[in-house]
Amino acid sequence: ILESPESRDWAQREKSKSLVVLSVAEGADNLLMWAHYAQQHEGFVFGFDIEHPSLANRKDGMPRYCSNVTYARERPARASLSDLSVEQFFATKSDNWAYEQEWRLFDGVVHADSTSADGTVLLFNVSPNAVRQVIVGCRAAKSTEDAVREVLKQPDYAHVRLERAVLDE
């Protein structure tokens, strides 16, 4: 049944309904990442300690599954969807995205700490101690940086380094 593209797409959607993925990049110095994910350098990024228990473990204490993304020219193909490994199924992307150096942290919908009224937004608690730095984009408005500074004044964030990206002359 999974021979047709429509059936495979359906299976992937069904399998993904109970899955939550946090995608993170290895580095903070990639210009394309800033352009694509930080509003053309006007936003900011967080530096996390990915091994901190609030990220590394589910709320029940069990470890979350973490995998680096594999970049490939072609999609993984097997006779059956069940023959694909977790990494092949959920952590393979086109090699066009290799610049992202992405890692994915997986959890289940059932482990969310709270959910929006309409069920479309899932929230997971992350300890302030898991945040190591905030980097404000080189084109960020002063008001953006000021808002970040205001949050970082809270005692829970006293350890967080604030940096600002600058254009290379």
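Residues numbered from 1 in each chain as written. Predicted model: local features only at pLDDT ≥ 70, side-chain atom pairs only at ≥ 80, totals over all residues. Heavy atoms only, no water.

Participant: Give me the side chain of Lys-93: which residues, what numbers.
Facilitator: Tracing the backbone shows Lys-93 in strand β5 (residues 92-94). Once residues within four sequence positions are removed from consideration, Lys-93 is found in contact with Val-69, Thr-70, Tyr-71, Ala-72, Glu-100, Glu-102 and Arg-104. (Helix = DSSP H or I, 4+ residues; strand = E, 2+ residues; numbered from the N terminus. Contact = heavy atoms within 4.5 Å.)

Participant: If you had to explain the side chain of Gln-133 to someone new, which residues and values would you point to?
Facilitator: As for its position among the elements, Gln-133 is in strand β9 (residues 131-136). Within the local environment of Gln-133, its side chain forms a polar contact with the side chain of Glu-163, the two groups lying 3.2 Å apart. In contact with Gln-133, other than residues within four places in its own chain, are Val-45, Phe-46, Gly-47, Val-160, Arg-161 and Glu-163. (Polar contact = N/O pair within 3.5 Å; in protein donor to acceptor, adjacent residues only side chain to side chain.)

Participant: Before we move on, can you summarise the sheet that holds strand β1 (residues 19-25) with the specific residues and values?
Facilitator: Taken together, the 3 strands give an open sheet; going across it, the order is β1-β6-β3, and neighbouring strands pair in antiparallel fashion. At either margin of the open sheet sits one strand with a lone partner, and together these are β1 and β3 (65-68). Between one strand axis and the next, the sheet turns by 25° as a mean value, whatever way the strands run. Pairing of β3 with strand β6 (residues 102-108), which is carried by 4 bridges, proceeds in the antiparallel orientation. (Pairing = 2+ DSSP bridges. Axes fitted to C-alpha atoms, helices over the stretch in contact; angles between N-to-C directions.)

Participant: Run through the nonpolar core, naming residues and quoting values.
Facilitator: In terms of nonpolar packing, the biggest core is built from 6 residues, these being Val-131, Val-134, Val-148, Leu-152, Tyr-157 and Val-160. Elements with a minimum of two residues in this core: β9 and α5 (142-152). (Core = buried A, V, L, I, M, F, W, Y, C linked by side-chain atoms within 4.5 Å. Buried < 20%, exposed > 50% of the residue type's maximum accessible area, 1.4 Å probe, protein only.)

Participant: Quick rundown of a nonpolar patch on the surface? Include the residues and the values.
Facilitator: A cluster of nonpolar side chains, Phe-44, Phe-46, Phe-48 and Val-126, forms an exposed patch at the surface whose accessible area comes to about 340 Å². Since its relative accessible area comes to 46%, Phe-46 is described here as partly exposed. (Patch = residues over 30% accessible without salt bridge, like charges linked within 9 Å, V, L, I, M, F, W, Y side chains within 5 Å. Areas by Shrake-Rupley, 256 points an atom, 1.4 Å probe, with all protein chains shown as cover. Salt bridge = Lys/Arg side-chain N within 4 Å of Asp/Glu carboxyl O.)

Participant: Can you break down α5 residue by residue, with the values?
Facilitator: Burial in α5 covers these residues: Glu-145, Val-148 and Leu-152. Along α5, the residues classed as buried sweep out an arc of 60° about the axis, all on the same side. Counted as exposed and oriented over 90 degrees from the buried face of α5: Lys-142 and Ser-143. Residues of α5 that are buried sit in contact with β2 (44-48), β9 and β10 (161-164). (Arc of directions from axis to C-beta.)

Participant: Residue-level account of the pairing of β6, with values.
Facilitator: The buried count for β6 comes to 6 of 7 residues, which makes it a mostly enclosed element. Sheet topology places β1 next to β6; 7 bridges connect them, and they run antiparallel. The residue of β6 that forms the bridge with Val-20 is Asp-107.

Participant: How would you sum up unusual backbone geometry? Please name residues and give values.
Facilitator: At His-41, a residue that is not glycine, the phi angle is positive and equals roughly 75°. Structurally, the position occupied by His-41 is in the loop between α2 (31-37) and β2. What makes His-41 buried here is its relative accessible area of 11%. Here the phi dihedral of Gln-101 falls at roughly 50°; this positive angle occurs in a residue that is not glycine. With respect to the element layout, Gln-101 can be found in the loop between β5 and β6.

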